[in-house]
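# Working through the structure, step by step
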Amino acid sequence: MAAHLSYGRVNLNVLREAAIVWDEYLTGPFGLIAQYSLLKEHEVEKMFTLKGSRLPAADVKNIIFLVRPRLELMDIIAENVLSEDRRGPARDFHILFVPRRSLLCEQRLKDLGVLGSFIHREEYSLDLIPFDGDLLSMESEGAFKECYLESDQTSLYHAAKGLMTLQALYGTIPQIYGKGECARQVANMMIRMKREFTGSQNSIFPVFDNLLLLDRNVDLLTPLATQLTYEGLIDEIYGIQNSYVKLPPEKFAPKKQGDGGKDLPTEAKKLQLNSAEELYAEIRDKNFNAVGSVLSKKAKVISAAFEERHNAKTVGEIKQFVSQLPHMQAARGSLANHTSIAELIKDVTTSEDFFDKLTVEQEFMSGIDTDKVNSYIEDCIAQKHPLIKVLRLVCLQSVCNSGLKQKVLDYYKREILQTYGYEHILTLYNLEKAGLLKPQMGGRNNYPTIRKTLRLWMDDVNEQNPTDISYVYSGYAPLSVRLAQLLSRPGWRSIEEVLRILPGPHFEERQPLPTGLQKKRQPGENRVTLIFFLGGVTFAEIAALRFLSQLEDGGTEYVIATTKLMNGASWIESLMEKPF
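These numbers come from a predicted model, not from an experiment.

## Description of the overall build of the protein chain
What the protein chain contains, in helices and strands, is 22 helices and 15 strands. Computed over the C-alpha atoms, the radius of gyration of the protein chain is 26 Å, within 12% of the 25 Å expected from 2.2 N^0.38 for a compact globule of 580 residues. Along the longest, intermediate and shortest principal axes, the C-alpha atoms of the protein chain span 75 × 70 × 65 Å. The 580 residues of the protein chain split such that 51% are buried. In the form shown here, the protein chain has an accessible surface area of approximately 27800 Å², with 51% of it arising from carbon and sulfur atoms.

## Focus on a nonpolar patch on the surface
A cluster of nonpolar side chains, namely Leu-169, Tyr-170 and Val-207, defines an oily patch on the protein surface of about 210 Å² accessible area. If you trace the backbone, Leu-169 turns up in helix 6 (residues 154-170). In this structure Leu-169 comes out as partly exposed when scored by relative accessible area, which is 33%.

## Some thoughts on the domain arrangement of the protein chain
Taken domain by domain, the protein chain comprises domain 1 (1-126), domain 2 (130-222 + 478-571), domain 3 (230-249 + 267-350) and domain 4 (353-445). For domain 2 and domain 3, the distance between their C-alpha centres works out to 33 Å. Listed by partner, the interface residues are 8 residues for domain 2 and 11 residues for domain 3. Together domain 2 and domain 3 conceal approximately 890 Å² of surface at their shared face, both sides included; 43% is due to carbon and sulfur atoms. Across the contact surface, domain 2 and domain 3 share 3 salt bridges. Every element with two or more residues in the side of domain 2 that touches domain 3 is listed here: strand 6 (129-132) and helix 21 (539-550).

## Side note on the sheet that holds strand 9 (residues 210-215)
Remark on secondary structure: sheet strands pair via backbone hydrogen bonds, oriented parallel or antiparallel. In spatial order, the strands read 6-7-15-14-9-8-13; together these 7 strands make up an open sheet with mixed pairing. Every other strand in the sheet has two partners, leaving strand 6 and strand 13 (506-510) as the edge strands with one partner each. With strand direction ignored, the average angle separating the axes of adjacent strands in the sheet is 20°. As paired elements, strand 9 and strand 14 (residues 527-534) share 6 bridges and run parallel to each other. Bridging across to strand 14, Leu-214 finds its partner in Phe-533. Most of the contacts of helix 21 go to strand 15 (residues 556-562), to which it runs at about 160°, and overall it touches strand 6, strand 7 (135-137), strand 14 and strand 15.

## Focus: the pattern of salt bridges
In the structure shown here, the tally under the stated rule is 29 salt bridges. For Asp-23, the salt bridge is made with Arg-68, and the minimal N-O distance between the two is 2.6 Å. Placement of the pair is Asp-23 in the loop between strand 1 (18-22) and helix 1 (24-31) and Arg-68 in the loop between strand 3 (62-67) and helix 3 (71-85), with a sequence separation of 45 residues. Take Arg-68: its relative accessible area is 14%, and that puts it in the buried class. Two residues, Glu-343 and Lys-251, come together in a salt bridge whose shortest N-O distance is 3.3 Å. With a gap of 92 residues between them, Glu-343 in helix 12 (residues 315-349) and Lys-251 in the loop between strand 11 (244-247) and strand 12 (269-272) connect regions that are remote in the sequence. What makes Lys-251 partly exposed here is its relative accessible area of 29%. Taken together, the shared-partner salt bridges connect Asp-132, Asp-134, Glu-231, Arg-284, Asp-285 and Arg-546 into one network.

About the criteria used
Residues numbered from 1 in each chain as written. Predicted model: local features only at pLDDT ≥ 70, side-chain atom pairs only at ≥ 80, totals over all residues. Heavy atoms only, no water. Helix = DSSP H or I, 4+ residues; strand = E, 2+ residues; numbered from the N terminus. Rg over C-alpha atoms; globule rule 2.2 N^0.38 Å. Buried < 20%, exposed > 50% of the residue type's maximum accessible area, 1.4 Å probe, protein only. Areas by Shrake-Rupley, 256 points an atom, 1.4 Å probe, with all protein chains shown as cover. Patch = residues over 30% accessible without salt bridge, like charges linked within 9 Å, V, L, I, M, F, W, Y side chains within 5 Å. Salt bridge = Lys/Arg side-chain N within 4 Å of Asp/Glu carboxyl O. Domains from an automatic or database assignment. Contact = heavy atoms within 4.5 Å. Buried area = accessible area lost by both parts, 1.4 Å probe. Pairing = 2+ DSSP bridges. Axes fitted to C-alpha atoms, helices over the stretch in contact; angles between N-to-C directions.

Structure representation (structure tokens):
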């Protein structure tokens, strides 16, 4: 387990001969930091998913519940504990809340008559989870809704705590920049937390030069558009959960002669996606149209490497070839997987409907016909396409027009409710409150000003060898990443007018460093900026930031942190009210 992720007050040695009962949502994030093999070393005998009624039978002394502080989960735990008391030998119960203990949850356990059954009631402070070498996420699925709809600042407090932990490990970040109301609150919490710990001076040489805190509602547009990078499209079509994706199995079945397609696997193919895989690291952030040529070059290289075996004559040459074999076979397996994934994605991206949807999105983002009812959206509603798809497009049109004319907005709302059901009226209310689907105020559309000043739309995009971040959406440059790019050079003073139009305050804070810890920059040495997206980030934005990090004259490398990795569909879904 990574040392900096195990600082919670949990003594694993106390909990010998244990069975862990998992809140299902936590199994993915925990799998990234503690494999089952590690837990087995600490004598975790069994693992169960938290479900109602009785716990499965297990010959263990300790039962540990690992859960998020949610009231509905407390009801299930109480049911488990009460059914356990009535049978078999007595067992010890422990509960670990992730990431914080909750008095409300403990009160619920007390009301249900089971609080006294727990020997340990602790918290496991899991704030930021490492997903990749440059990517951290809190995986807080409700953060955006909590902040912008419910005015609940819990996730902002966790973000501030996570950033304080990072500073304890990697040194005080001397410069903090931010844009948005939530960013301001996180910065205030960090300053207050630092004041409360005045006794201990941080003597670690700072790794990060800047911290940029960005509210998701500063850039509502980017997640609504369809991502066009390889990783972004995998997420759009199949959904990447905690670095894993489940894919249709038929493309991955080994082809046997004369089999006639019998006995095809039925279980989804599960693949892990991260930079540890050489080929994936190379293609993940490319525009999908540039992926095919890379795969074909790779196939030729691997094929040539295998042909080398015919040239190996001496024992030494044969030995050298054999030593390279495992790496070559892994590369061939990796190539086969990604060729299959690319074929699956191509089936979607070459469809007529995908092209029509993309055309409408790009028209909105370049400012064409954003102020009237769109015929493609009308057709989607009439044909009862998935509601999330329709809501994404309507919200995109609204954001690109600084809100819709009342007549257009009422028409869309009426059509959606009549087609999909009146229970969705609460969802439409949530989208309006979040600023995604709203009437235009004051009759003024500010989007063209923002688009031109920040160069958000580029007509001539080189998808194969990009020169600008707009390649990730084949023309649209993510507003959030453009803000980060302009902060690095020439600075935000050059875009003061646009910053005033965008929601929330923009600010700058300095954190003084003790003498001797100030950085003396070497010529050509890059700055390191930690950029924290409050409310979620998409894989396309991550790709754009990695592109900026790799620019020779960029001057800045980015490390990305967020409350949640998301795409437009999962974002809209998190704002939807579930019909009763």
